[in-house]
Amino acid sequence: MNTKFRFLVLALVVAIFSVQCSPNSTDTPQIPTTIEQHFKAGTHSFEGVTLPYQETTIQTSQTGKHALVVVLHGQYANGSDNKAQINQDAMIRIWHYLSTNNVKAVMLAPQCSVDHAWDERKQNSEDVTMSECLRSLIDSFINKKPNIDTSRIYIVGYSDGNEPAGGGGVWRMLSDYSDLFAGGMSVAADPDNTISALNVAKTPVLSVKGITDIHAVALTLDSFGDQVRDAGGTLREDIVEERTREAVCREAFSKERLDWLMQFSK
């Protein structure tokens, strides 16, 4: 075998091996940059407030019903276009996890208006809060979709701006509707002093924060976490090295963390 032929054979072997081991191969599909084409839009009304949302059903060959994964977007997606929330990096990573790990699930991504906040609380009896709208939306979904496993409803949210946004909304929902969720994950937001540790203790929850995040320390999790654990609850806190809130929100939704969350059921 001459030198030139040996070189060609070696190059071919290296090329085949590279394709098989490349991170771009089908064994490790790359995270997409847009997921709009996988979702369909809808709206839900409650007490005069309209809540736009996007939904998608992830089908697998697994038997049984679908988990319901409710995702509360960050501050930068507030609006009424019913699109901005879908193509945020964190949202894409959650969809990618569900799709590539064969999780049989319905993913629900509502959009908060600029006049409201996910974590708002009722100031008077006439107020309609986002937590009430979200509960109504979830109940409506369960009624319309009998294939949803009500023992596997999860809520995750993240705060990419200076407001608590989706991360704060998770704490609010776990506090207001303590018997609804199988698990929760809050990114870049601490619970404020209106959140009930006793109620939160009824749901396993994961909190992810950046090590330098000055916006997520209104109430440290030290004492709050002690109250949750004293009440028999499960609260995991991950402090990550990312320096910006956007980076924390993007990197928080790893396979390991989402696996941890979705191991729980009611």
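Up top is the structure these notes are about.
Conventions used here
- Residues numbered from 1 in each chain as written.
- Predicted model: local features only at pLDDT ≥ 70, side-chain atom pairs only at ≥ 80, totals over all residues.
- Heavy atoms only, no water.
- Helix = DSSP H or I, 4+ residues; strand = E, 2+ residues; numbered from the N terminus.
- Buried < 20%, exposed > 50% of the residue type's maximum accessible area, 1.4 Å probe, protein only.
- Contact = heavy atoms within 4.5 Å.
- Areas by Shrake-Rupley, 256 points an atom, 1.4 Å probe, with all protein chains shown as cover.
- Pairing = 2+ DSSP bridges.
- Axes fitted to C-alpha atoms, helices over the stretch in contact; angles between N-to-C directions.

Asker: Please give an account of the overall build of the chain that cites residues and values.
Answerer: For the chain, the count of helices and strands is eight helices and eight strands. Every one of the 266 residues in the chain was classed for burial, and the buried ones make up 50%. Relative to all contacts within the chain whose residues are 6 or more apart in sequence, the contacts with residues 24 or more apart total 73%. Accessible surface for the chain amounts to roughly 12900 Å². Of this, 50% is attributable to carbon and sulfur atoms.

Asker: Report on the sheet that holds strand β8 (residues 235–240), specifying residues and quantitative values.
Answerer: Within a beta sheet, neighbouring strands are joined by backbone hydrogen bonds and run either parallel or antiparallel to one another. Taken together, the eight strands give an open sheet; going across it, the order is β1-β2-β4-β3-β5-β6-β7-β8, and neighbouring strands pair in mixed fashion. The open sheet has two edge strands with one neighbour each: β1 (40–46) and β8. If you compare each strand with its neighbour and ignore which way they point, the axes differ by 20° on average. Taken together, the four bridges between strand β3 (residues 66–72) and strand β4 (residues 105–110) define a ladder with parallel strand orientation. If you follow Leu68 over to β4, its bridge partner there is Val106.

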